Amino acid sequence: GNSVTQMEGPVTLSEEAFLTINCTYTATGYPSLFWYVQYPGEGLQLLLKATKADDKGSNKGFEATYRKETTSFHLEKGSVQVSDSAVYFCALSQAGTALIFGKGTTLSVSS
Amino acid sequence: DVKVTQSSRYLVKRTGEKVFLECVQDMDHENMFWYRQDPGLGLRLIYFSYDVKMKEKGDIPEGYSVSREKKERFSLILESTSTNQTSMYLCASSRDSVATNEKLFFGSGTQLSVL
């Protein structure tokens, strides 16, 4: 079945450091891929998405590129801020099914 | 903005009690979902609904039931709580069709503790 695998956390960085959170997926066909973010005390919210191979999703300085050849959708940011501290979830969807989420990666950024 | 409201932020119950978790969305969304979130396990889908009075089991429906009598409201019912149901429960909705089922809007969650 379909699945999403994220790198284990927590990820601890200093402000302005470069961020990568790895995400790989298993799916038949051509899923859509997403990154959701959960700030402390809140529900999840969509950060970015890509719906086909080689698409790049971007938002708030974060980027992720849909790589079909490596079945990956790694999240990157060039310079993290303390306010980026949150839990990040990679997810996929295919027609007719609910979103499938990874286990989440906690990011902690210190000043 | 879409608002998904969950009735309680924190709940403490004793083993065997019945619990209703209520979720209301205000944007006429077709689809509604209940997930539970546990450390190290991420989000797991309990039940979802694509229409009024319609429900589908997710990955972990055992011990839960749901009700969707009105389009805006989706209730999660725990008939007889057990300690392994201690968790954060997240409700979500989406307006996208079944074919795309993409952007979810989440409530802030209900932290349920079963003693």
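Everything numeric in this text was worked out from a predicted model, so none of it was measured. Numbers given for residues are sequential positions, taken from 1 along each chain in its written order. The order in which chains are written sets their letters, starting at A; the order in which ligands are written sets their numbers, starting at 1. Local features in a predicted model are, by the rule used here, given only for residues with pLDDT of at least 70; side-chain atom pairs are given and counted only at 80 or more, and totals for whole chains, interfaces and linings are based on all residues. Side-chain calculation: all heavy atoms of the structure are included, whereas hydrogens and water are not.

Trainee: Could you give an account of unusual backbone geometry, naming the residues involved and the relevant values?
Mentor: Here A:Gly9 and A:Pro10 are connected by a cis peptide whose omega angle stands at -5 degrees. The residue A:Pro10 is located in the loop between strand E1 (3–6) and strand E2 (11–14) in this model. Phi is positive for A:Glu16, close to 80 degrees, though the residue is something other than glycine. Among the residues examined, A:Glu16 registers a relative accessible area of 60% and is labelled exposed. The phi torsion at B:Lys53 lies on the positive side, around 65 degrees, for a residue other than glycine. Counting from the N terminus, the helices are the DSSP runs of H or I reaching at least four residues and the strands are the DSSP runs of E reaching at least two. Think of it in three bands: with a 1.4 Å probe and only protein chains considered, a residue is buried below 20% of the maximum accessible area for its type, exposed above 50%, and partly exposed in between.

Trainee: Could you give an account of the state of the cysteines, naming the residues involved and the relevant values?
Mentor: Residues and elements named next belong to chain A. When two cysteine sulfur atoms are found within 2.5 Å, that pair is recorded as a disulfide. Summed over all chains, the structure comprises 2 disulfides over all chains. There is a disulfide in this structure between cysteine 23 and cysteine 90, and the S-S distance comes to 2.0 Å. On the S-S bond that ties cysteine 23 to cysteine 90, the torsion sits near -70 degrees, and the link is left-handed. In this pair, cysteine 23 sits in strand E4 (residues 23–26) while cysteine 90 sits in strand E10 (residues 86–93), placing the two residues 67 residues apart along the sequence.

Trainee: Run through the interface of chain A and chain B, naming residues and quoting values.
Mentor: In many analyses, interface size is given as the accessible surface area lost on bringing the parts together. Across the boundary between the two partners, chain A contributes 21 residues, which contact 21 residues of chain B. Values labelled buried area give the accessible surface lost by two parts on being combined, using a 1.4 Å probe and summing over both. Across the chain A to chain B interface the summed buried area is about 1,500 Å²; carbon plus sulfur atoms make up 54%. Should a side-chain nitrogen of Lys or Arg be within 4 Å of a carboxyl oxygen of Asp or Glu, the pair is scored as a salt bridge. In this assembly, chain A and chain B are joined by 0 salt bridges. Nitrogen and oxygen atoms within 3.5 Å of one another constitute a polar contact, given that in protein one can donate a hydrogen and the other can accept it, and given that sequence-neighbouring residues count only through two side-chain atoms. Taken together, the connections running from chain A to chain B amount to 4 residue pairs in polar contact (both at pLDDT 80 or more). Elements supplying a minimum of two residues to the side of chain A that touches chain B: strand E5 (32–38), strand E6 (44–50) and E10 of chain A. Looking at the side of chain A that touches chain B element by element, the count peaks at 4 residues for E5(A). Residue contacts are counted whenever heavy atoms from the two residues lie within 4.5 Å of one another.

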